[in-house]
Amino acid sequence: MQLITPYGGRLVDLRVAPDELEVARTHAATLPSCQLSERQICDLELLAVGGFSPLDRFMGEADYRRVLDDMRLSDGTLFPMPITLPVEPTPDMQIGAEIALRDRRNNLLAIMRIDEMYEWDREEMARKAFGTTDAAHPIVAEMARWGRVNLSGALRVLQTPQYFDFLDLRRTPAETRALLEASGRANVVAFQTRNPMHRVHEELTKRAASAVDGVLLLHPVVGMTKPGDVDHYTRVRTYKALAEKYYEPDRIVLSLLPLAMRMGGPREALWHAIIRRNYGANHLIVGRDHAGPGNDSHGQPIYGPYDAQELLREHEAELGVKMVPFKMLSYLPDEGRYEESDRLNGQRTLNISGTQVRDEYLAAGRLLPDWFSRPEVASILAEAHPPRHRQGVCIWFTGLSGSGKSTTAELLITLILEYGRQVTMLDGDVVRTHLSKGLGFSKEDRDTNIRRIGFVAAEVVRHGGVAVCAAVSPYTATRNEVRGMMRDGAFVEVFVDTPLEVCEERDIKGMYAKARRGEIKGFTGIDDPYEAPPNAEIVLDTVRCTPRQNAERIVKLLLERGLLIEARALTAIT
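All values derive from a computational prediction rather than experimental measurement.

### What to know about the pattern of salt bridges
Part 1 of the argument: Tallying each qualifying case throughout the model produces 40 salt bridges.
Part 2 of the argument: Among the ionic pairs, E481 bridges to R451, the shortest N-O distance being 3.0 Å. With a gap of 30 residues between them, E481 in helix 16 (residues 476-483) and R451 in helix 15 (residues 443-462) connect regions that are remote in the sequence.
Part 3 of the argument: Linked by salt bridges that have partners in common, E61, R65, D69, E124 and K128 make up one network.

Set out below in structure tokens:
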């Protein structure tokens, strides 16, 4: 039976023919180069193989402007997400010129002829495309370091990114469609996922495919997801275990999607539907707060829980992709089955929330029960998620120079060492000497320094260590960006709230006095602002409290969160 046609009628293919590659590579070697970010590489790949059809290039200005305003391309085609190539322009970038697009290792990916160069406004894009300018939204925070000019033009892709993992599951839209067509069913239900799948997801996807006599396209994102998500290696292992053992072979196709998500909520749901249509699906399961980034900096949800479902339902006829809502299911232990929550009649139910999965099972070293998660999945997750007291955490001290960050941080380290944790100290001044030598004190250089500290801290955390960081880090957006590098709950922001006049009194180096005299420009607190954290996990008073008392407050929080554990409790666990 015939699958739904690709969006726009055909799959775009920007890849250079094999017999033309050698000439193209030789030509590319003579061109100036532009190094792409991880996000841009993901976008380039999906442009090249038709995942973003009908797009055949990074958006020109007319498409970009109308997408922001109307969720449509300049020709009227519904397309909700701006797909652009922002760069910092160089003298080599001129209209009509060609450039070679390369990855961070300088591998050649594509040749672009520059047809357009246009400036764009970060705040406008954040407000119109994502509905917020709050830096707690990960893409809004990331945009702060995007280039100020967008490039657009014809692309010739010589090589898509090289992968070495799960090669049997990495398929283009054309390859995926061929597998789906072999199932003999015209209806395809796509399941977008960036999280491990449990029994409720399994049950829902089976029911959705059965209801339309279709096949399930299990299509997990393995490009860029929300910072802190479970890594794709762990997730794909769980998907493979489920697909191979618990689904009928002719009812499922597991294929990986190298997508860089925007966490754009309602608009992203429409975008996901377009992408899945290009891969052969005419149904898309949409969950509660689909592709939502969570809360803003004031603790409020950025998108409503059902905004994505409502927007996709409004446009499903035009897209040709039907919205399948993710229905809440409850387990009935007395009957050994799942039932839709709104169809219950007083039966006894069992449920485990996402918070309970993290805190009461994975963090406590307990296997998830069979009724909630298949044994294979539970085992894989247990291997990937050590108990909470063995998980990494970053304690990030921020405050004015002289506020007492380093003093409290150094004392905190000795207390943490008493609990048997390994600690890495990253002090702002020390990092500038060894990791950021050569950087100045402009806003851009300060942000670069903080991102470097954040990157190292995130690596320490990822490997189960404790990173204690002490840096002025005056800008909220950059601190939020660092927070976003780590999983939820792994970043503890400590605001050392010492008044400016006290910091000046403590200043043995005389830096504040020099700043007051104008000998130092851009000094935080004098002629450059310090943005106090609106929602720090801990606020310290260094005037009325001693460093020891403040350090003990932080230890208490770590104990409450299970990130530290008393020796007697550890003995009980082991």
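### Quick look at the nonpolar core
Part 1 of the argument: One finds F52, M59, I83, M112, M125, L151 and L259 to be the most contacted residues of the largest nonpolar core, which totals 78 residues.
Part 2 of the argument: Leaving out residues up to four positions away in the same chain, L151 has contacts with F58, M59, L85, V87, M93, I99, M112, I114, E116 and M117.
Part 3 of the argument: Counting 37 residues, the second largest nonpolar core, distinct from the first, contains A208, V324, Y361 and W371.

### Some words on the sheet that holds strand 8 (residues 188-193)
Part 1 of the argument: Spatially, five strands are ordered 10-9-8-11-12 in an open sheet, and the strand pairing comes out parallel. Each end of this open sheet is capped by a strand with a single partner; those strands are strand 10 (252-254) and strand 12 (322-325). Mean inter-strand twist for the sheet, computed between neighbouring axes without regard to direction, equals 25°.
Part 2 of the argument: Direction of pairing for strand 8 relative to strand 11 (residues 283-286): parallel, over a ladder of three bridges.

### Remarks on the environment of E248
Part 1 of the argument: Structurally, the position occupied by E248 is in the loop between helix 8 (232-246) and strand 10.
Part 2 of the argument: Here the alpha-carbon distance between E248 and T238, two residues 10 residues apart in the chain, equals 16 Å.

### Some details on the packing of helix 15 against helix 16
Part 1 of the argument: Direction vectors running N to C along helix 15 and helix 16 enclose 20°, while the axes themselves pass 9 Å from each other. Classified by the angle between their axes, helix 15 and helix 16 sit roughly parallel to one another. With respect to the hand of their crossing, helix 15 and helix 16 are arranged in right-handed fashion. Within the contact between the two elements, helix 15 uses D447, I450, R451 and G454 and helix 16 uses T478, E481 and V482.

### Structural notes on the state of the cysteines
Note on terminology: disulfide describes a covalent bond linking the sulfur atoms of two cysteines.
Part 1 of the argument: Inspection of the entire model under this criterion finds zero disulfides.
Part 2 of the argument: Among the cysteines around C42, which has no disulfide bond, C34 carries the closest sulfur, lying 16 Å off.
Part 3 of the argument: With no disulfide partner, C469 has as its closest neighbouring cysteine sulfur the one in C394, 3.9 Å distant.

### Brief notes about helix 10 (residues 307-319)
Part 1 of the argument: Helix length check: helix 10, at 13 residues, gives a terminal C-alpha distance of 17 Å against a target of 18 Å (1.5 Å per residue), a fit within 8%.
Part 2 of the argument: Maximum bend of helix 10: about 35°, positioned at R313.
Part 3 of the argument: Taken together, the buried positions of helix 10 are A308, Q309, L311, L312, H315, E316 and L319.
Part 4 of the argument: Elements that come into contact with the buried residues of helix 10 comprise helix 9 (265-278), strand 11 and strand 12.
Part 5 of the argument: Residue G320 follows helix 10 closely and has a positive phi angle near 80°.

Parameters at a glance
Residues numbered from 1 in each chain as written. Predicted model: local features only at pLDDT ≥ 70, side-chain atom pairs only at ≥ 80, totals over all residues. Heavy atoms only, no water. Salt bridge = Lys/Arg side-chain N within 4 Å of Asp/Glu carboxyl O. Helix = DSSP H or I, 4+ residues; strand = E, 2+ residues; numbered from the N terminus. Core = buried A, V, L, I, M, F, W, Y, C linked by side-chain atoms within 4.5 Å. Buried < 20%, exposed > 50% of the residue type's maximum accessible area, 1.4 Å probe, protein only. Contact = heavy atoms within 4.5 Å. Pairing = 2+ DSSP bridges. Axes fitted to C-alpha atoms, helices over the stretch in contact; angles between N-to-C directions. Parallel < 35°, antiparallel > 145°, perpendicular 65-115°, else oblique. Left-handed = near helix turned anticlockwise from the far one by under 90°. Disulfide = S-S within 2.5 Å. Expected span 1.5 Å × (residues − 1). Bend = angle between axes of the 7 residues up to and from the residue.

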